[in-house]
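# Observations on chain architecture
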Amino acid sequence: MVDLENDLCSGCGACSNICPQCAIEMKEDEKGFLKPNVDGEQCTDCHACKNICPLNYNEVKNFNTPLILSAINNNEQIRLKSSSGGLFYLFSKNILSENGVVFGCVWDENMQTKHIATQSLTELEKMFCSKYVQSHTKNTFKEVREFLLAGKKVLYSGTPCQIAGLKSFLRKEYDNLYLIDLICHGVPSRKTFEMFKGEICKEKNITEKIININMRSKITDWGKPFTTVVSTENNEYVIPFEQNSFLESFLHNFNIGDSCINCKFNSLPRYGDITVGDFCGVDEFDKELNDKKGTSILLINSEKGKNLFEDIKNDCLIREIPFDSAIKFNQNVVTSSKPNLFRDKFFKNILSGKSLKESMALSRNNYPSVLKMLFKMQPQFVKDIIKRFI
Ligand SMILES: Cc1cc2nc3c(=O)[nH]c(=O)nc-3n(C[C@H](O)[C@H](O)[C@H](O)COP(=O)(O)OP(=O)(O)OC[C@H]3O[C@@H](n4cnc5c(N)ncnc54)[C@H](O)[C@@H]3O)c2cc1C
């Protein structure tokens, strides 16, 4: 039986999609990250899975120096429903208008993340917004190939590892395939997200079924996200960032995967034809570009990306950003995230049965008090530098 164990495995699902025996199922490991599980009875040792792994694939022909833009969708309603500038919608609408298919991440009936295909604008809305949890790609890589061979235009969006997985799975360039990868500082574990849902239901006394969670609700300011939880009774529960142990553990790199902190896919050239992210540092670059409703950063990484962008450029407000300014605040374009110093401790607490809130409290308070005191004594600019470094 093939051994697929590898700390760097991102759980993209390419191996599961390629297996001729359907012997590989993506299952959560103890920390809650999807990993391949091989059924020894069915495995014929053909090694197709090992050969297809994106960790062994290096043939990215995209630009080493992409064109970088700040971008805002002119349609404010769409932008407010999206996580940053609402650019994903514009690219997708363009593909759908040409009778194409769009693949992206949605919540399933159990409020877990998965990738699906859609050919309708109404269903596209379910893909809006960042769901900060590792998404299950299911059989979508196989579906993509079928649509491509049928001559359909296909747009697939996902994290860089998922896009690398799909590229590696397909093994050849298709003119009718468009890839969008996200700037990604890591994906949180599915286990910690389940714990979060449980804790929120208890705290807010939610007894109905949850049908939507928006982790980047733009109630006030795009930069100060609220999480909103909607139930079957149409009740909306608002969770401010200060009470959100899940988002805190994500943004401070506690609950992201081992593969994320050693991510090979956050690099140039990028794997997607287009890369989309939040324009972090927009205020430092030019305050005028930040109306508090969401500003995206776009990287155009290939000729195909250029063509796709040409089709939508009149529907958004754009401005070119010099490479260095863009990278300064968006390091994940070129490198993987640093783990929180207390990430191991955090997962140890989670695995020992402590709640998410408790695990965060124990990890957050782990700096020795003398260090905390020294930190407090520093002027603000030194504090800022230390914070960024940590
Ligand atoms: C796990 C994760 C980490 C991210 N980290 C950063 C970061 O560090 N810096 C940064 O600048 N931007 C990051 N982003 C991207 C950012 O949050 C926005 O998704 C991006 O700017 C696109 O915004 P939009 O307004 O164009 O479209 P939106 O409508 O907000 O974007 C939706 C798109 O995101 C995809 N998506 C949503 N959830 C997932 C998921 N779990 N897995 C895969 N794809 C998903 C959908 O398929 C769709 O394509 C991250 C996104 C995710 C999902």
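Everything in this summary refers to the structure shown in the same document.

Conventions we followed
- Residues numbered from 1 in each chain as written.
- Predicted model: local features only at pLDDT ≥ 70, side-chain atom pairs only at ≥ 80, totals over all residues.
- Heavy atoms only, no water.
- Helix = DSSP H or I, 4+ residues; strand = E, 2+ residues; numbered from the N terminus.
- Rg over C-alpha atoms; globule rule 2.2 N^0.38 Å.
- Buried < 20%, exposed > 50% of the residue type's maximum accessible area, 1.4 Å probe, protein only.
- Contact = heavy atoms within 4.5 Å.
- Lys, Arg positive; Asp, Glu negative; His and termini not counted.
- Charge placed at Lys NZ, Arg CZ, Asp CG, Glu CD.
- Core = buried A, V, L, I, M, F, W, Y, C linked by side-chain atoms within 4.5 Å.
- Salt bridge = Lys/Arg side-chain N within 4 Å of Asp/Glu carboxyl O.
- Arc of directions from axis to C-beta.
- Near = heavy atom within 4 Å.
- Polar contact = N/O pair within 3.5 Å; in protein donor to acceptor, adjacent residues only side chain to side chain.
- Nonpolar A, V, L, I, M, F, W, Y, C, P; charged D, E, K, R; others polar.
- Pairing = 2+ DSSP bridges.
- Axes fitted to C-alpha atoms, helices over the stretch in contact; angles between N-to-C directions.
- Parallel < 35°, antiparallel > 145°, perpendicular 65-115°, else oblique.
- Left-handed = near helix turned anticlockwise from the far one by under 90°.

Quick look at the overall build of the protein now. When helices and strands are counted, the protein shows 16 helices and 13 strands. In terms of C-alpha radius of gyration, the protein reaches 21 Å, essentially the compact-globule figure of 21 Å for 390 residues. Expressed along its principal axes, the backbone C-alpha trace of the protein runs to roughly 60 × 55 × 45 Å. Expressed as a percentage of its 390 residues, the buried residues of the protein come to 54%. Taking the intrachain contacts of the protein between residues at least 6 apart in sequence as the baseline, contacts between residues at least 24 apart amount to 69%. Across the protein, the 50 positively charged side chains and the 48 negatively charged ones have centroids separated by 3 Å.

With that settled, consider the nonpolar core. By size, the foremost hydrophobic cluster in this structure holds 31 residues, and its most contacted members are F193, I213, M215 and V229. Going through the elements one at a time, α8 (190-204), β8 (210-217), β10 (236-239), α9 (245-251), α13 (343-351) and α14 (356-364) are the ones with two or more residues in this core. With sequence-adjacent residues up to four places away left out, V229 is seen in contact with I200, I206, I210, N212, I213, N235, E236, Y237 and I239. Counting 28 residues, the second-largest nonpolar core is a separate cluster that includes A71, L87, L124 and L298.

What follows is about the pattern of salt bridges. Here the structure, examined in full by the defined rule, presents 18 salt bridges. For R79, the salt bridge is made with D291, and the minimal N-O distance between the two is 2.7 Å. Taken together, the residues span a long stretch of sequence, with R79 in helix α3 (residues 76-81) and D291 in the loop between α10 (282-286) and β12 (296-300) at a distance of 212 residues. In this structure R79 comes out as buried when scored by relative accessible area, which is 3%. Given the relative accessible area of 33%, D291 is considered partly exposed. One salt bridge connects R216 with D278, and the closest N-O pair in it is separated by 3.3 Å. You can see R216 sitting in strand β8 and its partner D278 sitting in strand β11 (residues 274-278), a full 62 residues away along the chain. On the basis of relative accessibility, which here comes to 23%, the residue D278 falls in the partly exposed class. Through salt bridges with shared partners, one network takes in K31, D258, R343 and D344.

A separate point is the environment of A117. Along the chain, the position of A117 falls in strand β5 (residues 113-118). Relative accessible area serves as the criterion here: at 25%, A117 is assigned to the partly exposed category.

So, about helix α11 (residues 303-312). For α11, every residue scored as buried is listed here: K304, G305, L308, F309 and I312. Summarising the axial view, the buried residues of α11 lie within an arc of 135 degrees, below the 170-degree limit, and thus occupy one face.

Quick look at the site of the ligand now. By nearness alone, 35 residues border the ligand, and S83, S130, K131, S157 and I183 come closest of all. In the model, a nitrogen atom of the ligand is placed 2.8 Å from a nitrogen or oxygen of the V133 main chain. At a separation of 3.4 Å, an oxygen atom of the ligand approaches a polar side-chain atom of R216. If you list the elements that add at least two residues to the shell around the ligand, you get α4 (87-97), β4 (101-107), β6 (154-158) and β11. The element best represented in the shell around the ligand is β11, accounting for 3 residues. In the shell around the ligand, the residues fall into 14 nonpolar, 18 polar and 3 charged.

Quick look at the pairing of β6 now. Most of β6 sits out of view: 5 of its 5 residues are buried. Residue alternation in β6 divides its side chains into two sets, V154, Y156 and G158 and L155 and S157, and both sets are buried. Sheet topology places β4 next to β6; 3 bridges connect them, and they run parallel. Of the residues in β6, the one forming a bridge with V101 is V154. In terms of strand pairing, β6 meets strand β7 (residues 177-182) through 5 bridges, oriented parallel. Counted as the bridge partner of G158 is D181 from β7.

Two elements in contact, α8 and α13, have axes whose closest approach is 12 Å; the angle formed by their N-to-C orientations is 60 degrees. Relative to α13, α8 is oriented oblique. Judged by the twist between their axes, the crossing of α8 over α13 is left-handed. Facing α8, whose interface residues are K191, T192 and M195, α13 presents F346, F347, I350 and L351. Along the lines of polarity and charge, the residues of the contact of α8 with α13 split into 5 nonpolar, 1 polar and 1 charged.

Quick look at the sheet that holds β5 now. Sheet architecture is open: 8 strands sit in the order β5-β4-β6-β7-β11-β12-β3-β13, paired in mixed fashion. Strand pairing shows two members of the sheet lacking a second neighbour, β5 and β13 (316-320), which therefore form its edges. Between one strand axis and the next, the sheet turns by 25 degrees as a mean value, whatever way the strands run. Where β4 meets β5, 6 bridges bridge the pair, whose relative direction is antiparallel. Along β5, the bridge assignment pairs F103 with A117. On top of the sheet, helix α6 (residues 140-149) reaches β4, β5, β6 and β7; it is set at about 160 degrees to β6, its chief contact.

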